[in-house]
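For reference, the chains in residue letters:
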Amino acid sequence: MEKRKIIEVKDLVKQYGDFTAVKGISFDVYEHEIFGLLGPNGAGKSTTLEIIETLRDKTSGTVIVDGYDLDKDPESIKKLIGVQLQSSGYYPGLNLTELIELFCGLYNQEVDPKELLASFNLEDKAKAKYKELSGGQKQRFSIATTLINKPKIIFLDEPTTGLDPQARRNLWDLIQEVRAKGTTVVITTHYMDEAEFLCDRCAIVDSGRIIALESPDTLIDQLVAGGFERKKEVKKANLEDVFIHMTGKGLRED
Ligand code: ADP
Ligand code: MG
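These remarks concern the structure in this document. It should be emphasised that the depicted structure is a prediction, and the values quoted were computed from it without experimental measurement.

About the thresholds
- Residues numbered from 1 in each chain as written.
- Chains lettered and ligands numbered in written order.
- Predicted model: local features only at pLDDT ≥ 70, side-chain atom pairs only at ≥ 80, totals over all residues.
- Heavy atoms only, no water.
- Helix = DSSP H or I, 4+ residues; strand = E, 2+ residues; numbered from the N terminus.
- Rg over C-alpha atoms; globule rule 2.2 N^0.38 Å.
- Buried < 20%, exposed > 50% of the residue type's maximum accessible area, 1.4 Å probe, protein only.
- Contact = heavy atoms within 4.5 Å.
- Lys, Arg positive; Asp, Glu negative; His and termini not counted.
- Charge placed at Lys NZ, Arg CZ, Asp CG, Glu CD.
- Core = buried A, V, L, I, M, F, W, Y, C linked by side-chain atoms within 4.5 Å.
- Near = heavy atom within 4 Å.
- Areas by Shrake-Rupley, 256 points an atom, 1.4 Å probe, with all protein chains shown as cover.
- Nonpolar A, V, L, I, M, F, W, Y, C, P; charged D, E, K, R; others polar.
- Pairing = 2+ DSSP bridges.
- Axes fitted to C-alpha atoms, helices over the stretch in contact; angles between N-to-C directions.
- Phe/Tyr/Trp six-rings, centres within 6.5 Å; stacked < 30°, edge-to-face > 60°.

**So, the overall build of the chain**
From N to C terminus, the chain includes 9 helices and 10 strands. Radius of gyration (C-alpha) of the chain: 19 Å, near the 18 Å computed for a compact globule of 254 residues. The proportion of buried residues among the 254 residues of the chain is 43%. In the chain, 66% of the contacts between residues at least 6 apart in sequence involve partners at least 24 apart. A gap of 2 Å separates the mean positions of the 34 positive and 42 negative side-chain charges of the chain.

Set out below in structure tokens:
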């Protein structure tokens, strides 16, 4: 089956004054895939995402989302995407149920807050304020809210940064569930294990350029085919496996 391109980015450039943060990148995202932008801090990942999300102006290049040209029809793009808010975006006086109800009103959608919270393991937090949540709970809530307008694509900018291994794995499962229900996911991360686990394909971004774009498997095979070997003998487990084995997979924050 021919894969359908749901995002097409061509020759995208972003300058901040004299500094060029994104230097002419091109990539496509296929419908229903988990697509990763990987790169060190300052690579231009957030800038790229925010341009596609219509939140930041580009300097040049073209962006097409589900057939809509960013230059001509940003409003149509806004309607079909889900964007994670920074914490400052949540009214401090409202609890999680009330925040979901608020978003439902804004998007003119009917969503049962209880059901949405339950699908993100937040049923016990229905009456809690956002600021009272742990790091993992905050991330789960912000991903839940991206789904309220039933978007075709969600954008997650470093959703697991700062989380403990249990919360990170839990979020990976939730992101896979979101995709399994038919949503395309674009995610940024600087955790390579995360990209290897989650992404169908990933673009490695360095100093504003894409230096590789393949599936994680293919990237690894290409490196090995080039004669690369790890210095240390590869063991059947790593320290994170030890940690998860000893402390369990259960979430700790709750
Ligand atoms: P990443 O998300 O990969 O860490 P960013 O897209 O946030 O990278 O930033 C890319 C580069 O652009 C960085 O060098 C950053 O300092 C710079 N930058 C980001 N936002 C601005 C801004 N509003 N004004 C000036 N420079 C910026
Ligand atoms: Mg960033």
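The rest of the description comes next.
**Notes on the environment of Y90**
Tracing the sequence through the fold places Y90 in the loop between β6 (81–83) and α3 (96–107). Taking C-alpha positions, Y90 is 28 Å from A180, a pair spaced 90 residues apart along the chain. Not counting residues up to four positions away in its chain, the partners in contact with Y90 are L85, L99, F103, Y130, F141, S142 and T145.

**What about the nonpolar core?**
Counting 36 residues, the largest nonpolar core has F120, F141, I175, V185 and I187 as the members making the most contacts within it. Those elements that place two or more of their residues in this core are β3 (34–38), α3, α4 (113–119), α5 (135–146), β7 (153–157), α6 (165–180), β8 (184–189) and α7 (192–198). Examining the composition of this core, we find that 6 residues originate from one element, α6, more than from any other. Every residue in contact with F141, bar those within four places of it in the chain, is listed here: Y90, L96, L99, I100, L117, L122, Y130 and L133.

**Thoughts on the site of ligand 1**
Neighbouring ligand 1 are the residues Y16, F19, A21, P40, N41, G42, A43, G44, K45, S46, T47 and R56. For ligand 1, whose free accessible area comes to 560 Å², the fraction covered by protein is 61%. It is helix α1 (residues 45–52) that provides the largest number of residues to the shell around ligand 1, a total of 3 residues. A per-class count over the shell around ligand 1 returns 5 nonpolar, 5 polar and 2 charged.

**What about the sheet that holds strand β2 (residues 19–30)?**
The 4 strands are arranged β2-β1-β4-β5 in an open sheet whose pairing can be described as antiparallel. If you trace the sheet from one side to the other, it starts and ends with β2 and β5 (68–69), each paired once. The strands touched by α1 within the sheet are β1 (5–16), β2 and β4 (60–65), with β1 carrying the most contacts at an inclination of about 120°.

**A word on the packing of aromatic side chains**
This structure, assessed with the given rule, holds 7 aromatic pairs. When the ring of Y90 is compared with that of F103, the centres are 6.2 Å apart and the planes differ by 85°; the resulting orientation is edge-to-face. Pair noted here: Y90 is in the loop between β6 and α3 and F103 is in helix α3, with a separation of 13 residues, a long-range link. For Y90, a relative accessible area of 4% gives the class buried. With a relative accessible area of 9%, F103 lands in the buried category. Taking 4.5 Å as the distance between ring centres and 35° as the angle between the ring planes, the aromatic pair formed by Y90 and Y130 counts as tilted. Taken together, the residues Y90 in the loop between β6 and α3 and Y130 in the loop between α4 and α5 connect sequence positions 40 residues apart. Across this residue pair, the class does not change: Y90 and Y130 are buried.

**Remarks on unusual backbone geometry**
Its identity is not glycine, yet T54 carries a phi of approximately 70°, on the positive side. The topology assignment puts T54 in the loop between α1 and β4. For T54, a relative accessible area of 18% corresponds to the buried category. Although it is not a glycine, E158 adopts a positive phi angle of roughly 50°. When you line up the elements, E158 lands in the loop between β7 and α6.

**A short note on α1**
Burial within α1 is extensive, with 6 of its 8 residues counted as buried. Residues of α1 that are buried: K45, T47, T48, L49, I51 and I52. Residue T54 follows α1 closely and has a positive phi angle near 70°.

**Focus: the sheet that holds β3**
The 6 strands lie next to each other as β6-β7-β8-β3-β9-β10, forming an open sheet whose pairing is mixed. A single partner strand is all that each edge strand has here, and the edge strands are β6 and β10 (209–214). In this sheet, adjacent strand axes meet at a mean angle of 20° when their direction is disregarded. As judged from the 5 bridges shared by β3 and β8, these two strands associate in the parallel manner.

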